[in-house]
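# Structural overview for review
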Amino acid sequence: MFDMAASLIPGRMKKVVRLVEDLKRLLFPRSCIFCGKALSAESEGLCDSCRASFLSERAILCPKCGRKAAFCTCPVMHLEREVFPKVSFAVSRFYNTEHNSDVGKMTRELILRGKQESRQEIAELLAKDLTIRVEGILYWNGEDRRDWIVTYAPRNPENLLKYGFDHGKIIAEALAKQMGCVMLPTLFRHSGNMQKDMEVGMRYTNAECGLSLRKNSVAEGGKYILVDDVLTTGATMSAAAKLLYLSGAEKVLPAAVARAVRIGKK
């Protein structure tokens, strides 16, 4: 009798789980992470209209070379000058630095929301294009993605305290999951001011002074994908990559969701 009752538990538990999931969908319907419109069960994060707009922003062209972000090889100031002359980087899309511009508006706003809201859906969406870009670079260079470790450029301490989470870490975790790689924190930011309002010349010094390595975090000969949300001057990426190299990393691939460029101005 006991065995018969026990055999019924798995079936009943499945029904309970389905009931709970149905109740959650009823009480907390999924909505578009950009416009708030209700989503169908099959939709992933964005409604059809917002998804079309988000995908179309992949086609924004570099104002210098006229290529999409995935194929742009224009130099990044500090990545080219301060780390190594042949360092490569992965960027999946552009957005305009002018905040009143509609060029790359959805990308820019989703990155901003990702900084302010700890939402896994946003991180997974932003990491999706970047995953394709990074895997493409590794493939064409004969690299096995399983040999690479994902890490990230840490958040400014003031914003970490203000918001209570590190958006770079969440994006890095999403990227590692999508690629099937390991994600390990290697750096921490112990000081330094917020860089968004700094002059270009000050950014590298600020980033270099504010970053340190976690003890015994870098493997000798290791290969690292260094993740950040936005690549502007490359100051943070450069300082972080330099620390990784000096600590024994064999290769560092900087990878950013978007590159902030000035579009429409000469």
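Everything below is about the structure shown above.
What comes next is a walk through the structure.

What counts and how
- Residues numbered from 1 in each chain as written.
- Predicted model: local features only at pLDDT ≥ 70, side-chain atom pairs only at ≥ 80, totals over all residues.
- Heavy atoms only, no water.
- Helix = DSSP H or I, 4+ residues; strand = E, 2+ residues; numbered from the N terminus.
- Buried < 20%, exposed > 50% of the residue type's maximum accessible area, 1.4 Å probe, protein only.
- Contact = heavy atoms within 4.5 Å.
- Areas by Shrake-Rupley, 256 points an atom, 1.4 Å probe, with all protein chains shown as cover.
- Core = buried A, V, L, I, M, F, W, Y, C linked by side-chain atoms within 4.5 Å.
- Pairing = 2+ DSSP bridges.
- Axes fitted to C-alpha atoms, helices over the stretch in contact; angles between N-to-C directions.
- 1 Å grid on protein atoms, 1.4 Å probe; cavity = no way out; pocket = protein on both sides within 12 Å on 5 of 7 lines; lining within 4 Å.
- Points joined across faces, edges and corners; volume = space filled by probe spheres on them.
- Nonpolar A, V, L, I, M, F, W, Y, C, P; charged D, E, K, R; others polar.
- Phe/Tyr/Trp six-rings, centres within 6.5 Å; stacked < 30°, edge-to-face > 60°.
- Lys NZ or Arg CZ within 6 Å of the ring centre and 35° of its normal.

## A few points about the overall build of the chain
Of the regular secondary structure elements, the chain holds nine helices and seven strands. Of all 266 residues assigned to the chain, the portion counted as buried reaches 45%. Across the chain, the fraction of contacts at a sequence separation of at least 24, relative to all contacts at a separation of at least 6, is 71%. Element-wise, carbon and sulfur atoms account for 56% of the exposed surface of the chain, whose accessible area totals about 15100 Å².

## A closer look at the nonpolar core
In terms of nonpolar packing, the biggest core is built from 43 residues, with Val-134, Val-150 and Ile-225 touching the most fellow members. Those elements that provide at least two residues to this core are helix H2 (48-56), strand E1 (90-96), helix H4 (105-116), helix H5 (120-140), strand E2 (148-152), helix H7 (167-179), strand E6 (223-231) and strand E7 (251-261). Examining the composition of this core, we find that nine residues originate from one element, H5, more than from any other. If near-sequence neighbours (up to four positions away) are discounted, Val-134 is found in contact with Ala-90, Met-179, Ile-225, Leu-253 and Ala-255. Among the nonpolar cores identified, the runner-up in size contains 27 residues, and Phe-89, Val-91, Leu-187 and Leu-244 belong to it.

## Regarding the sheet that holds E1
Strand order in the open sheet formed by five strands is E1-E7-E6-E2-E3, with parallel pairing between adjacent strands. The open sheet has two edge strands with one neighbour each: E1 and strand E3 (182-183). One ladder, built from five bridges, connects E2 with E6; its direction is parallel. The partner of Trp-148 across the bridge, within E6, is Lys-223. Packed onto the sheet, H4 meets E1, E6 and E7 and runs at close to 105° relative to E1. Set on the sheet, H7 makes contact with E2, E3, E6 and E7; between it and E6 the angle comes to about 130°.

## Some details on empty space enclosed by the protein
Picture a little ball the size of a water molecule; that probe, rolled over the atoms, points out where space is still empty. Counted according to the given criterion, the structure contains one cavity of 30 Å³ or more. The calculated volume of the largest cavity comes to roughly 60 Å³. Around the largest cavity, the lining residues are Gly-114, Glu-117, Ser-118, Arg-119, Ile-122, Ala-123, Phe-165, His-167, Ile-170 and Ile-171. Among the elements of the structure, H5 and H7 are those that each provide at least two residues to the lining of the largest cavity. Counting residues per element, the lining of the largest cavity draws most heavily on H7, at three residues. Residue composition of the lining of the largest cavity, grouped by class: five nonpolar, three polar and two charged.

## A closer look at the packing of aromatic side chains
Scanning all chains against the criterion turns up two aromatic pairs. Measuring from centroid to centroid gives 5.3 Å for Tyr-139 and Trp-140, while their planes differ by 80°, and the two rings are edge-to-face. Across this residue pair, the class does not change: Tyr-139 and Trp-140 are exposed. Over the face of the ring belonging to Phe-165 we find Arg-155, whose NZ or CZ atom lies 5.3 Å from the ring centre.

## What about the pairing of E1?
Of all seven residues making up E1, seven are buried, and the element is well covered by its neighbours. Sheet topology places E1 next to E7; six bridges connect them, and they run parallel. Among the inter-strand pairings, Tyr-95 is bridged to a residue of E7, identified as Ala-260.

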